[in-house]
Amino acid sequence: MAVLELHQVKKSFGSGHKKVEALKETDFLANRGELIAIIGPSGSGKSTFLTIVGGLLSPTSGDVIINGENLTTLNEKARSQIRLREIGFVLQASNLIPFLSVANQLKLLDKVKKGNMSKVERNQLYEDLGIADLLMKYPSDLSGGERQRVAIAKALYSNPSIILADEPTASLDSDRAYEVMELLKKVTKQKKTTTIVVTHDIRLVDYCDKVYKMTDGVLSTALENHTRVQHMAYEGKI
Amino acid sequence: MFLAWQEIKKNKLRFTLITGILMLVSYLVFFLSGLATGLANLNREAVDKWNATAIILTEESDKSLYQSFMSIDQLNDIKADETAVIGQLNVIASNGDSKQNISLFGINREEFLMPDVTEGRDFKKANEVIADDSLKEEGFKLGDELSLSSSDQLLKIVGFTDQARFNAAPVLYTNLATFHQVKFGDAAKQNKDQINGIVVQNDSLSNLTQNDELTSIEIETFIQNLPGYTEQKLTLNFMIYFLFGISSIIVAIFLYVLTVQKISMFGVMKAQGISSYYLSWSVVAQTFILASIGTALGFAFALVSGAFLPAAVPVSFDVTVMVLYGFILMAVATAGAFFSVLTIVRIDPLKAIGG
Ligand SMILES: Nc1ncnc2c1ncn2[C@@H]1O[C@H](COP(=O)(O)OP(=O)(O)O)[C@@H](O)[C@H]1O
Ligand SMILES: [Mg+2]
């Protein structure tokens with residue numbers, strides 16, 4: 001069974017001649033253990049897509065189904081519950097709470113999620129993400145790459161089935177960006193999550209299993225991502 | 001609470017400042033309430049000392065002891081468990097060195113208005129008086145001969161009593177005969193039955209007198225009508241209520257600014273599925289922590305500084321009132337978190353993701 005399904009999902013903002021069709025009718029499927037990239041220029045509708053998938057934005061029409069549950073039939077409270085349980089967000093650098101140490105960033109989630117991660121699991125997560133040495137530090141003491149590692153740890157906390165990352169590397173230099181993608185790939189495979197990375201950085205698709213291209217609210221069919229050559233061709237199209 | 005406390009710990013300076021402001025405001029509230037109690041005592045303590053139910057004055061007096069003139073015979077018109085007659089006069093007394101506005105009470109020794117003597121002895125002979133001990137701070141002593149502004153009688157202090165100020169003036173207690181000598185001079189004989197009022201102790205307030213010319217006034221009402229008493233109290237209370245408002249507004253503004261700064265952070269947390277309820281609670285809890293600390297410090301500070309004040313400053317702390325005001329302060333300050341809560345509830349988690 002697919003972890004995530006979109007059926008004829010559409011989103012438009014405004015009305016009349018100001019109406020923007022940010023996302024045209026879209027069908028989409030994602031499975032466990034898949035790392036998916038969605039690329040496209042700014043304003044093409046990538047964030048709209050991602051926020052609909054994450055249950056933050058209601059589509060104008062269509063259904064969003066996460067693990068068999070139809071988000072569009074739920075109220076905000078129930079959707080917030082699903083976000084908490086099923087979805088981990090990785091955003092740009094502003095993701096961390098400035099006055100909490102790394103350990104407390106995660107402890108906060110523990111509190112609101114009523115602690116469903118054991119101590120062993122937690123330590124394993126710290127090890128996996130290479131943040132075990134950063135636990136007492138505050139976000140202002142961390143480098144950009146370290147911050148995103150912590151952000152990914154937050155997203156992974158309590159084992160969500162879906163990780164949604166919107167431009168997770170936007171504030172990083174190339175090397176750090178590759179590191180972060182490497183990490184996302186690792187956790188996707190290890191924890192069998194469905195990970196969707198939105199980016200306008202074409203170089204990152206190397207790490208992904210599938211690549212979709214978003215143009216003016218239209219999602220292309222999936223391009224299986226086997227070789228670098230394919231990307232070069234793909235890159236040429238952009 | 002976790003979030004609230006962690007933020008306070010990380011941003012100590014910021015939160016110390018707001019706590020400091022709350023401390024100063026609460027200090028001012030406590031100090032003003034002490035002043036209100038102190039000034040009230042200045043007016044009423046001699047009356048409280050009577051431990052009376054009511055006072056009978058003439059209908060014409062408009063509830064003023066000073067304006068009420070009656071005859072001692074009117075005791076016959078009064079039905080009460082205990083009665084005590086009183087004559088009252090404001091005079092300026094001097095012991096040669098210092099002059100002081102005082103209130104002279106003419107009373108009967110065997111009636112309940114007779115104060116307990118804390119130093120010296122009762123008045124026995126003519127022209128002997130018991131004085132309020134606040135006069136000691138003005139340089140008056142046992143054995144002083146007092147000359148009076150409106151009379152050529154000399155009064156002699158033979159004893160002191162405590163807590164006996166009436167309408168802001170220390171009281172001299174003497175017998176009725178001396179009182180009449182002071183008040184009427186040569187005409188004392190003709191006026192020997194003249195008094196200002198009759199104080200009563202009785203279980204019930206009603207039917208104390210059937211005489212139409214007399215009226216019985218409950219003691220608290222009598223106090224409220226002392227010249228300046230109510231006005232003073234209202235003024236100070238107004239200032240206190242105003243400070244409640246100010247503290248609420250200060251907290252509201254401060255928290256609102258902090259909250260606005262944190263909008264994107266709250267948005268991220270909401271996107272992660274943390275509820276508005278949790279975040280709002282956190283802000284309210286934070287405000288409550290700050291308000292409690294500020295108020296507690298203000299409270300302690302007020303008591304400590306009260307202990308160092310010169311006796312002439314009429315500050316007297318009524319701890320019950322202070323605790324009540326403390327709770328009100330904490331409540332109104334916490335209410336200042338309201339706008340922040342409103343802001344948090346309205347934050348759209350979508351904004352955090354960024355288009
Ligand atoms: N809340 C909104 N109101 C109106 N228009 C919006 C809103 N959010 C996005 N849009 C429009 O939808 C289109 C797609 O935006 P977005 O999904 O943010 O693109 P991307 O993330 O690919 O840069 C853009 O034209 C944008 O202006
Ligand atoms: Mg975007």
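Residues numbered from 1 in each chain as written. Chains lettered and ligands numbered in written order. Predicted model: local features only at pLDDT ≥ 70, side-chain atom pairs only at ≥ 80, totals over all residues. Heavy atoms only, no water.

**A look at the pattern of salt bridges**
Stage number 1. With the rule as written, the count across this model stands at 20 salt bridges over all chains.
Stage number 2. Among the ionic pairs, E86 of chain A bridges to R85 of chain A, the shortest N-O distance being 3.7 Å.
Stage number 3. The class of E86 of chain A is buried, set by a relative accessible area of 15%.
Stage number 4. Between E220 of chain B and R44 of chain B there is a salt bridge, and its shortest N-O distance comes to 3.0 Å. (Salt bridge = Lys/Arg side-chain N within 4 Å of Asp/Glu carboxyl O. Buried < 20%, exposed > 50% of the residue type's maximum accessible area, 1.4 Å probe, protein only.)

**A short note on the interface of chain A and chain B**
Stage number 1. On the side of chain B, 22 residues touch chain A, which itself brings 24 residues to the contact.
Stage number 2. In total, about 2200 Å² of surface goes out of reach between chain A and chain B, with carbon and sulfur atoms giving 72% of it.
Stage number 3. Summed over the three residues of chain A that lose the most area to chain B, namely L56, F99 and L108 of chain A, the buried surface amounts to 27% of that side.
Stage number 4. The interface formed by chain A and chain B holds 0 salt bridges in total.
Stage number 5. On the surface where chain A and chain B come into contact, there are 3 residue pairs in polar contact (both at pLDDT 80 or more). (Contact = heavy atoms within 4.5 Å. Buried area = accessible area lost by both parts, 1.4 Å probe. Polar contact = N/O pair within 3.5 Å; in protein donor to acceptor, adjacent residues only side chain to side chain.)

**Remarks on the environment of R165 of chain B**
Stage number 1. With respect to the helices, strands and loops of the structure, R165 of chain B is situated in strand β9 (residues 165-166).
Stage number 2. Look past the residues within four positions of R165 of chain B in its chain and what remains in contact with it is N41, L42, N43, R44, E45, A46, D132, S134, P170 and V171 of chain B. (Helix = DSSP H or I, 4+ residues; strand = E, 2+ residues; numbered from the N terminus.)

**Here's the deal with the nonpolar core**
Stage number 1. Membership of the largest hydrophobic core comes to 68 residues, with the highest contact counts inside it found for L108, L129, I131 and I152 of chain A together with F266 and M269 of chain B.
Stage number 2. If you look at the next biggest cluster of nonpolar residues, it comprises 32 residues, including L23, L57, I66 and I82 of chain A. (Core = buried A, V, L, I, M, F, W, Y, C linked by side-chain atoms within 4.5 Å.)

**A closer look at helix α4 (residues 119-129) of chain A**
Residues and elements named next belong to chain A.
Stage number 1. Inspection of α4 places L125, Y126, D128 and L129 among the buried residues, and these make up the whole buried set. All buried residues of α4 fall inside an arc of 165 degrees around its axis, so they share one side. Summarising the geometry of α4, the exposed residues directed more than 90 degrees from the buried face are K119, V120 and E127.
Stage number 2. Elements in contact with the buried residues of α4: α3 (102-112), α5 (144-156) and α6 (174-191). (Arc of directions from axis to C-beta.)

**Digging into the packing of helix α6 (residues 229-261) of chain B against helix α9 (residues 319-335) of chain B**
Residue and element names in this part refer to chain B.
Stage number 1. Where α6 meets α9, the closest approach of the two axes is 8 Å, and the angle between their N-to-C directions is 35 degrees. In terms of crossing hand, the pair formed by α6 and α9 is right-handed. Across from N237, I240, F244, S247, S248 and V251 in α6, the residues of α9 making contact are Y325, I328, L329, V332 and A333.
Stage number 2. Its residues placed into classes, the contact of α6 with α9 shows 8 nonpolar, 3 polar and no charged. (Axes fitted to C-alpha atoms, helices over the stretch in contact; angles between N-to-C directions. Left-handed = near helix turned anticlockwise from the far one by under 90°. Nonpolar A, V, L, I, M, F, W, Y, C, P; charged D, E, K, R; others polar.)

**Re the sheet that holds strand β4 (residues 61-66) of chain A**
Paired through their backbone hydrogen bonds, the strands of a sheet run either parallel or antiparallel.
Residues and elements named next belong to chain A.
Stage number 1. Reading across the sheet, the 4 strands line up as β2-β1-β4-β5 and stay open at both edges, with antiparallel pairing between neighbours. The strands lining the two open edges of the sheet, one partner per strand, are β2 (20-30) and β5 (69-70).
Stage number 2. Against the sheet, helix α1 (residues 46-53) contacts β1 (4-13), β2 and β4, and its axis sits at roughly 125 degrees relative to β1. (Pairing = 2+ DSSP bridges.)

**With respect to the site of ligand 1**
Stage number 1. Near ligand 1 lie 12 residues; those nearest to it are G43, G45, K46, S47 and T48 of chain A.
Stage number 2. Mapping the residues near ligand 1 onto chains gives chains A and B.
Stage number 3. The backbone of S44 of chain A places a nitrogen or oxygen atom 3.2 Å from an oxygen atom of ligand 1.
Stage number 4. Residue G45 of chain A places a main-chain N or O atom 3.1 Å away from an oxygen atom belonging to ligand 1.
Stage number 5. For ligand 1, the accessible surface in isolation is 560 Å², of which the surrounding protein chains cover 64%.
Stage number 6. Among the secondary structure elements, those contributing two or more residues to the shell around ligand 1 are β2 and α1 of chain A.
Stage number 7. Top contributing element to the shell around ligand 1 by residue count: α1 of chain A, with 3 residues.
Stage number 8. For the shell around ligand 1, the class distribution of residues is 4 nonpolar, 7 polar and 1 charged. (Near = heavy atom within 4 Å. Areas by Shrake-Rupley, 256 points an atom, 1.4 Å probe, with all protein chains shown as cover.)

**Some points on the pairing of β4 of chain A**
All names here are of chain A.
Stage number 1. Pairing of β1 with β4, which is carried by 5 bridges, proceeds in the antiparallel orientation. Looking across to β4, one finds that H7 is bridged to D63.
Stage number 2. Alignment of β4 against β5, held across 2 bridges, turns out to be antiparallel. In the sheet register, I66 faces β5, and the bridge partner there is E69.
Stage number 3. Hairpin connection between β4 and β5: a loop of 2 residues separates the two successive antiparallel strands, and N67 in this loop has a positive phi of roughly 45 degrees.

**So, the side chain of S151 of chain B**
All names here are of chain B.
Stage number 1. If you trace the backbone, S151 turns up in strand β8 (residues 151-161).
Stage number 2. Within polar-contact distance, the side chain of S151 engages the backbone nitrogen of Q153 at 2.9 Å.
Stage number 3. Leaving out residues up to four positions away in the same chain, S151 has contacts with Q181 and V182.

**Some words on the confidence of the model for chain B**
The predicted structure's coordinates, where accompanied by low pLDDT, should not be read in detail.
Stage number 1. Residues of chain B with pLDDT of at least 70 account for 99%, and the chain-wide mean is 92.
Stage number 2. Across the interfaces of the predicted complex, the ipTM metric reaches 0.80, alongside a pTM of 0.79. (pLDDT = per-residue confidence, 0-100.)

**Some details on the domain arrangement of chain B**
Residue and element names in this part refer to chain B.
Stage number 1. Along its sequence, chain B is carved into domain 1 (2-43 + 230-352) and domain 2 (54-204).
Stage number 2. Centre-to-centre separation of domain 1 and domain 2, based on C-alpha positions: 48 Å.
Stage number 3. Of the roughly 400 Å² buried where domain 1 meets domain 2, counting both sides, 43% is carbon and sulfur surface.
Stage number 4. Considering only the surface of domain 1 that becomes buried against domain 2, L42, N43 and A311 emerge as the three largest contributors, covering 91% of it.
Stage number 5. At the junction of domain 1 with domain 2, the criterion picks out 0 salt bridges.
Stage number 6. Connecting domain 1 to domain 2 are 2 residue pairs in polar contact (both at pLDDT 80 or more). (Domains from an automatic or database assignment.)

**Regarding a negative patch on the surface**
Stage number 1. A contiguous patch of negative charge, built from E59, E60, D77, D212 and E213 of chain B, is present on the exposed surface.
Stage number 2. With respect to the helices and strands, the residue E59 of chain B is situated in the loop between β1 (54-58) and β2 (70-71). (Patch = residues over 30% accessible without salt bridge, like charges linked within 9 Å, V, L, I, M, F, W, Y side chains within 5 Å. Lys, Arg positive; Asp, Glu negative; His and termini not counted. Charge placed at Lys NZ, Arg CZ, Asp CG, Glu CD.)

**Details of a nonpolar patch on the surface**
Stage number 1. A cluster of nonpolar residues, Y256, V260, I263, F338 and F339 of chain B, forms a patch on the protein surface that exposes about 460 Å² of accessible area.
Stage number 2. Counting only elements with at least two residues in the nonpolar patch, the list comes to α6 and α10 (338-346) of chain B.

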